[in-house]
Amino acid sequence: LILLPCGWSVSCSISMVNIPKTRNTYCRKCKKHTPHKVSQYKTGKKTGKAQGDRRYEKKQKGFGGQTKPVFHKKAKTTKKIVLKLECSKCKAKRMKPIKRTKHFELGTDSKKGKSEYGGKYR
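Model, not experiment: these values are computed from the prediction.

Draft legend 1. Spotlight on the sheet that holds strand E7 (residues 93–100). Ordered in space as E4-E5-E6-E7, the 4 strands form an open sheet in which the pairing is antiparallel. Only two strands of the sheet have a single neighbouring strand rather than two, namely strand E4 (22–27) and E7. Taking each pair of neighbouring strands and ignoring which way they run, the sheet shows an average axis angle of 45°. Both E4 and strand E5 (residues 32–40) contribute to a ladder of 6 bridges, which runs antiparallel. Looking across to E5, one finds that Thr-25 is bridged to Thr-34.

Draft legend 2. Representation of the nonpolar core in the model. The biggest cluster of nonpolar side chains holds 8 residues, and these are Val-17, Ile-19, Val-38, Ile-81, Leu-83, Leu-85, Ile-98 and Phe-104. For this core, the secondary structure elements donating two or more residues are strand E3 (17–19) and strand E6 (80–87). Top contributing element to this core by residue count: E6, with 3 residues. In this structure Ile-81 touches Gln-40, Lys-96, Pro-97, Ile-98, Lys-99, Thr-101 and Phe-104, once residues within four positions along its chain are discounted.

What counts and what doesn't
- Every chain's residues receive numbers from 1 upward, in the order its sequence appears when written.
- Under the rules for a predicted model, residues below a pLDDT of 70 receive no local features and side-chain atom pairs below 80 are neither given nor counted, while totals for whole chains, interfaces and linings still include all residues.
- Working from all heavy atoms in the structure, the side-chain values ignore hydrogens and water.
- One requirement defines pairing of two strands: DSSP has to find at least two bridges between them.
- Secondary structure elements are defined from DSSP: runs of H or I of at least 4 residues count as helices, runs of E of at least 2 residues count as strands, and each element is numbered from the N terminus.
- Orientation is described by lines fitted to C-alpha atoms, with helices fitted over the stretch in contact, and by angles between N-to-C directions that extend from 0 to 180 degrees.
- What is meant by a nonpolar core is a set of buried Ala, Val, Leu, Ile, Met, Phe, Trp, Tyr and Cys residues, joined one to another through side-chain atoms within 4.5 Å.
- Relative accessibility decides the category of a residue: with a 1.4 Å probe and only protein chains considered, values under 20% of the type maximum give buried, values over 50% give exposed, and everything between is partly exposed.
- A contact between two residues is defined here by any heavy atoms of the two lying within 4.5 Å.

Written as structure tokens, this is what we have:
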């Protein structure tokens, strides 16, 4: 945790985040703690039928080149990880955002490059 002069704090995550595949947590539907199945949330496929997309396509049609500004000044290098928790009893799902990180694993042993006998090669 880094404290900036303006009073804001920034958490820098350098290490890998490893989260178990099941978690005992509160379910709003059951109104008690139950085991939940944990998975990583991924955004769905964009259809292009939303109001903003239709308006943009209509504006782009014909002559005149690019009509709206194209964003280039990307500041963030990571995205916030969002966990999808599914109750094993009632199948109710909810999202839980966690911190920003570059490396994220879901319930695996992080034995990178190590075999049963210790070395990289056997």
